[in-house]
Number of protein chains: 2
Amino acid sequence: MVLLVLDGIGDLRTLDQPRTALEAARTPYMDALARRSALGRIVPAGTGITPGSGPGHLSLFGYDPRSPEADIGRGVLEALGSGVEVRPGDVTARGNFATVDGSGKLTDRRAGRIATAECKRLVRVLQGAIEARPIAGIEVQLTAGIGYRFVLLLRGEGLSPRIHDTDPQRLGVSPLEPQPREPEAAATVGKVKQVLAVLQEAVVDEPRANRLLLRGFSVLPNLPRLGEVHQMRCGAFAGYPLYRGVAGACGMEVVPCGKSFADTLAEAERHWDRFDYFFLHVKGTDAAGEDGNLDAKVAVIEEVDAQLPDLLALEPDVLAITGDHSTPAPMKAHSWHPVPLLLNSARCFIDECTLFNETAAIRGHLGTFPAQDLMALMLANAGRLKKFGA
Amino acid sequence: MVLLVLDGIGDLRTLDQPRTALEAARTPYMDALARRSALGRIVPAGTGITPGSGPGHLSLFGYDPRSPEADIGRGVLEALGSGVEVRPGDVTARGNFATVDGSGKLTDRRAGRIATAECKRLVRVLQGAIEARPIAGIEVQLTAGIGYRFVLLLRGEGLSPRIHDTDPQRLGVSPLEPQPREPEAAATVGKVKQVLAVLQEAVVDEPRANRLLLRGFSVLPNLPRLGEVHQMRCGAFAGYPLYRGVAGACGMEVVPCGKSFADTLAEAERHWDRFDYFFLHVKGTDAAGEDGNLDAKVAVIEEVDAQLPDLLALEPDVLAITGDHSTPAPMKAHSWHPVPLLLNSARCFIDECTLFNETAAIRGHLGTFPAQDLMALMLANAGRLKKFGA
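Every chain is numbered on its own, with residues counted from 1 as its sequence reads. Here every chain gets a letter starting at A, and every ligand a number starting at 1, in the order they are written. Totals for whole chains, interfaces and linings use every residue, but because this is a predicted model, local features are given only for residues with pLDDT of at least 70 and side-chain atom pairs only at 80 or more, for both listing and counting. Heavy atoms from the whole structure form the basis of all side-chain values; hydrogens and water molecules are not counted.

Peer 1: Please clarify how the relation of the copies chain B and chain A should be interpreted in this entry.
Peer 2: Applying a rotation about an axis and a shift along it to one chain copy brings it onto the other copy. For these two chains of identical sequence, chain B goes onto chain A by a turn of 123° and a shift of 0.4 Å along the axis, with RMSD 0.3 Å. Taken together, the turn and the small shift mark the pair as related by a three-fold rotation axis. Using C-alpha coordinates, one finds that chain B approaches the rotation axis most closely at B:Arg363, a distance of 3.9 Å. The share of interface residues of chain B whose copies in chain A are also at the interface is only 3%, consistent with the copies meeting through different surfaces. Copies overlap after least-squares fitting; the atoms used are the C-alpha atoms of residues with pLDDT of at least 70 in both. When checking whether two residues touch, look at their non-hydrogen atoms; a contact exists if any pair is within 4.5 Å.

Right under this line is the structure:
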């Protein structure tokens, strides 16, 4: 089984953009595949709900993205997205570099959107400070993100993530002290205060960013492991940390690969005998959509299409091509629109669709259904589900 | 209201079978009806879920097939399917004739798949033995099934079905002793052991099958009775025991009829004034699908179509034609694929479908929806549902 995710593939038809990216792209191989496949559309998180990448992928993997256990905290998401290895029990938080005035009141929650290079320098300062003055029983790891963002990871025994944000989300007030959300988190909060004191002192005289804000304290979600639930070996092939992280949190084995689809595909081919379920991730479609660049999105689709024969040559029993959500170029953002889906297998029901795009998918055999049902559909097509009842 | 179930009607379009059975069949009457009806598709038990006949029919009758109370045990299902009258409180189990070696270890869980005639002879031996040595307070009834299968029915006061299988599901070990699943079942287990001792002794020297295995101890499901829930008189017209049994378990009055559609229809006509809701069952479509015989499936559909005018002459207020699941000929088995539905009534919304088949149904007014909602749709079309709220 292969799940090929073209991130944010779904697009819009508007008065100014009369064709979606899939409609504008020249995709002879996808269209040929569509002629012997079933099309449909998936709804990632609910009608009208725009999902982030976490919920979008969790639903593709068969989880209910709205269930409490599927709630991946902002700290963990930022950590996974930054390539940080998060272990069970680690508490992570998303950090902002910020500025305060002489009286300690916030003047900029993003420190003038400092450059990433400056962020990296500041993170080195922080890491040096905490290594010079370690806090007993707690390991502290800092990782620079894009611009003013960083990740704080705490490792130790019995840590709790039930801690309120220190970011007050407005200016002219002092940052908040860490506070426990429940009494059991008091000990962890004590440690966090000690850590923060050391880190804070290290940047208090920095000219560009003299304050730290933390939010989204969280641990890895406790999700059932895909491979155990469905008795299969799952491999994730993604060029970007966030998608590796989400796949890893679902219990997939993450096989690092380069950022190009050619690279992703080559790795999948190399590991073809090791897994029953392959998650292949293509980031470019989403990035182009976020940029509002239809041409770039079309180019990524055409690049994938050109290499589709190599994927088909592996002869997967089941191939699903879809996205984790729509990222319409006119919106320059994720959206709630249903995502086109192509499903190919010997038992898929060949419908009358002759192209792979949003408009064809509306009329496909698969109809429009919740993305979290895709996993069952793929398993059924693979002959891996037993009959229900006699 | 008439629910005409063409069992397993849904089929596939594959590279080797480019048309489904409904597409291949010449169905002038169904197609004419489609032109003044609404089409759609029903999903019996969930996306990707392949239902057995029990869950498939329960969903057509408006029950949630995945709810615990809709779980029809294997023993009851086998009993109903064998034409055994199961009363409330009766405990049934599915039996296998098996073979053990000199040390009592299982050598064949199906006794070399003995012929049905041999099974019938052995069941007569068992029945004779238990009648010669009856167990106080418990009535025992044995019924031969196909091949190595039989049904054990126990009737008495306060019996519990909470008993583990005696079939260990593997060879080289001894069959298991009946064990209670909960302490309250201990008394029944005691009776079962007494019964088994008598039965076992009766076949211990049989050359072909010298051991009995039991599984799926169960009682009739405790389903709300359709007629009471919806204030209507329900009649079931089916030529095969299993479907009579499921309908009976839902509280329908079962009107036995022959196996041909002509017979089923004639019985329905004879009882036309006695019921508000008619369940008519056609088995042939499923049987042909299970055989992988598209031509036979087409022939059954054409046979039903030819007699459709007789059904329409009865002028039902509401007529739904559909199936309990798909049984695509290429798969020779039940499948998860949505099932086409035709709904005719004076208020059904005449959509643009001009044929009754899977491909037309994709585009129908009714869309694709859970099969368990069909009952409400039929009741609504019959004007039997009140407005919800003011």
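Here the narrative resumes.
Peer 1: Teacher, can you tell me more about the domain arrangement of chain A here?
Peer 2: You'll often see interface size given as the accessible area lost when the parts meet. Residue and element names in this part refer to chain A. Domain start and end points were adopted from an automatic or database domain assignment. Partitioning chain A into structural domains gives domain 1 (2–70 + 223–381) and domain 2 (75–218). Taking the mean C-alpha position of each, domain 1 and domain 2 sit 35 Å from one another. Domain 1 puts five residues into the contact, and the matching count from domain 2 is five residues. As used here, buried area is the combined drop in accessible area, with a 1.4 Å probe, of two parts when they are placed together. Sorting the residues of domain 1 by area buried against domain 2 places Pro241, Leu242 and Gly245 first, and these three jointly supply 80% of that buried surface. Salt bridges are counted wherever a side-chain nitrogen of Lys or Arg sits within 4 Å of a carboxyl oxygen of Asp or Glu. Counting across the interface, domain 1 meets domain 2 through zero salt bridges. In protein, a polar contact requires one atom able to donate a hydrogen and another able to accept it; more generally it is a pair of N or O atoms within 3.5 Å, and residues adjacent in sequence count only if both atoms are side-chain atoms. The interface formed by domain 1 and domain 2 holds one residue pair in polar contact (both at pLDDT 80 or more) in total. With four residues, helix α8 (residues 241–249) is the single largest residue contributor to the side of domain 1 that touches domain 2. Residue composition of the side of domain 1 that touches domain 2, by class: three nonpolar, two polar and no charged. Numbering of helices and strands runs from the N terminus; a helix is a DSSP stretch of H or I covering at least four residues, while a strand is a stretch of E covering at least two. Residues were grouped as follows: Ala, Val, Leu, Ile, Met, Phe, Trp, Tyr, Cys and Pro as nonpolar; Asp, Glu, Lys and Arg as charged; and all remaining residues, including Gly, as polar.

Peer 1: Explanation requested: the packing of aromatic side chains in the structure shown.
Peer 2: Ring pairs (aromatic) are described by centroid distance and by the angle formed between their planes. The pairing test for Phe, Tyr and Trp rings, Trp by its six-membered ring, is centres within 6.5 Å, and the orientation test on the planes gives stacked under 30 degrees, edge-to-face over 60, and tilted for anything in between. Counting across every chain of the model gives 12 aromatic pairs over all chains. Their ring planes at 25° and their centres at 4.6 Å tell us that A:Trp272 and A:Phe278 sit as a pair that is stacked. Both rings, one in B:Phe237 and one in B:Phe275, keep their centres 6.0 Å apart while their planes meet at 85°; by these two values the pair is edge-to-face. Of this pair, B:Phe237 sits in strand β8 (residues 234–238) while B:Phe275 is found in the loop between α9 (261–270) and β10 (277–282), placing the two residues 38 residues apart along the sequence. As far as the burial class goes, B:Phe237 and B:Phe275 line up, both buried. One aromatic cluster is present, built from ring pairs that chain together A:Phe237, A:Trp272, A:Phe275 and A:Phe278. The side chain of B:Lys259 reaches across the aromatic face of B:Tyr240, ending 4.7 Å from its centre. Only protein chains enter the accessibility calculation, which uses a 1.4 Å probe; a residue is then buried when its area is under 20% of its type maximum, exposed when over 50%, and partly exposed in between. Lysine and arginine charges are scored as sitting over a ring when NZ or CZ, respectively, is within 6 Å of the ring centre and within 35 degrees of the ring normal.

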